[in-house]
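Here is how the chains run, residue by residue.
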Amino acid sequence: LIQFLKKFKLTAETDAIRFLVGTQSLKFDNQIHIIDFDDENNIINKTVLLHQAGEIWHIGTSPADKAVLTTCFNKTSDSRVVSCAAVWRMPSDWETGSHESPDDSVHNPQSLELLCHLDDRTHSNTACVLWEPMGDGKRVMSLADNHALLWDLQESSTQATVSSTATLEGKGQLKFTSGKWSPHHNCSQLTTANDTAIRGWDLRTMTQIYCIENAHGQLVRDLDINPNRQYYLASCGDDCKVKFWDVRNVQEPVKTLEDHSHWVWSVRYNHSHDQLVLTASSDSRLILSNMVSISSEPFGHLVDDEELSEGEDNHQEDKSKEPLKDSVVSTYEEHEDSVYAAEWSSADPWLFASLSYDGRLVINRVPRALKYRILL
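Residues numbered from 1 in each chain as written. Predicted model: local features only at pLDDT ≥ 70, side-chain atom pairs only at ≥ 80, totals over all residues. Heavy atoms only, no water.

A. Examining the sheet that holds strand E28 (residues 361-365) more closely. A sheet is described by the order of its strands in space; here three strands give the open sequence E26-E27-E28, paired in antiparallel fashion. The open sheet is flanked by strand E26 (339-344) and E28, the only strands paired with a single partner. Averaged over all pairs of adjacent strands, the angle between strand axes in this sheet comes to 20 degrees, irrespective of strand direction. (Pairing = 2+ DSSP bridges. Helix = DSSP H or I, 4+ residues; strand = E, 2+ residues; numbered from the N terminus. Axes fitted to C-alpha atoms, helices over the stretch in contact; angles between N-to-C directions.)

What follows is the structure, given as structure tokens:
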């Protein structure tokens, strides 16, 4: 049995529930799987596109064009493995139903169209590519070794030029592991992780504006920016912890979660309701937490017993008069292997997907009782 480690990303699409999954195989052509979820009929449809450039380690999607994406991939050059990045376009007819049968794209997949490479000869080993949030799809940031490169895309993304760079300086071989382009501050700030540190950058001057030196006891795996609170971010790492930070005071985290028993690979804020946070770990579990105390709605909503979903136990007196408290909402154990990625749907704020090493993709929903508590 050949196991594919798959990375995935939700698309910029706003009306369809869609996820992108990339394969990692050293023996076969790699692929992008477009996963469409039909919520009404509870059906998953899959379209396969060829990505012959190499095994995929990161996917990013254009905020302006649902057919344009970036991948970071490994390829062998002069007997060594190099991490590269490129901008691609999906075939124009892939979602028009041109395939004769649902299985047609699986057995006869079309190839992605290469628009341009994001490889500066002096900077290799790209860890990730970040699109400017809410932008026009003409600016991306790549993190390659110890360099952050801001690219301008021209000619319908067929040309890319580096407009500015920043360098991670210090002792040893410093290397970016992940990053997020903040949607706040007029999209002028970038947050990055390297080793155990988290750093903030001003993209107008390409200078460092803050540093959390030992944010985690071991490697920082992932981070995410709170979509509704401009100074707040979440991070996770190999110390099995998830931490929440206010970057105006980086001496101590605002909150620390220790619910996982192994490395935490992914942390994601819900795009609409920032109290909902997903974390994925190599303990094979996905955890949904309700971090209401540090959310944009710290007092929650006061609810009556009738507003809770049917069948929910409610033994505490005056429970409806108390604001919600931070808690683990659900622990999902459908995966049998390390869970490497979790993403919220961009179309439905109550739906999310997770992906494990064995290639299993699981789609789940926020429990109905919590959904109503948040909405009502």
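B. The sheet that holds strand E18 (residues 220-225), seen in detail. If you trace the four strands from one edge of the open sheet to the other, you get E18-E19-E20-E21, paired in antiparallel fashion. Each edge of the open sheet carries a strand with a single partner, namely E18 and strand E21 (255-257). Ignoring which end each strand starts from, the neighbouring axes of this sheet average 20 degrees apart. Sheet topology places strand E20 (residues 242-246) next to E21; three bridges connect them, and they run antiparallel. Its bridge partner being in E21, Val242 is matched across the sheet by Leu257.

C. Molecular detail of empty space enclosed by the protein. One pass over the full model with this rule turns up one cavity of 30 Å³ or more. Here the largest cavity is characterised by a volume of approximately 80 Å³. As for the largest cavity, its lining consists of 14 residues, and the residues nearest its centre are Gln189, Thr191, Tyr210, Ile225 and Gln230. Mapped by element, the contributors of at least two residues to the lining of the largest cavity are strand E15 (189-194), strand E16 (197-202) and strand E19 (232-237). Ranked by the residues each element gives to the lining of the largest cavity, the list is headed by E15, at three residues. Of the residues assigned to the lining of the largest cavity, the class counts are eight nonpolar, six polar and no charged. (1 Å grid on protein atoms, 1.4 Å probe; cavity = no way out; pocket = protein on both sides within 12 Å on 5 of 7 lines; lining within 4 Å. Points joined across faces, edges and corners; volume = space filled by probe spheres on them. Nonpolar A, V, L, I, M, F, W, Y, C, P; charged D, E, K, R; others polar.)

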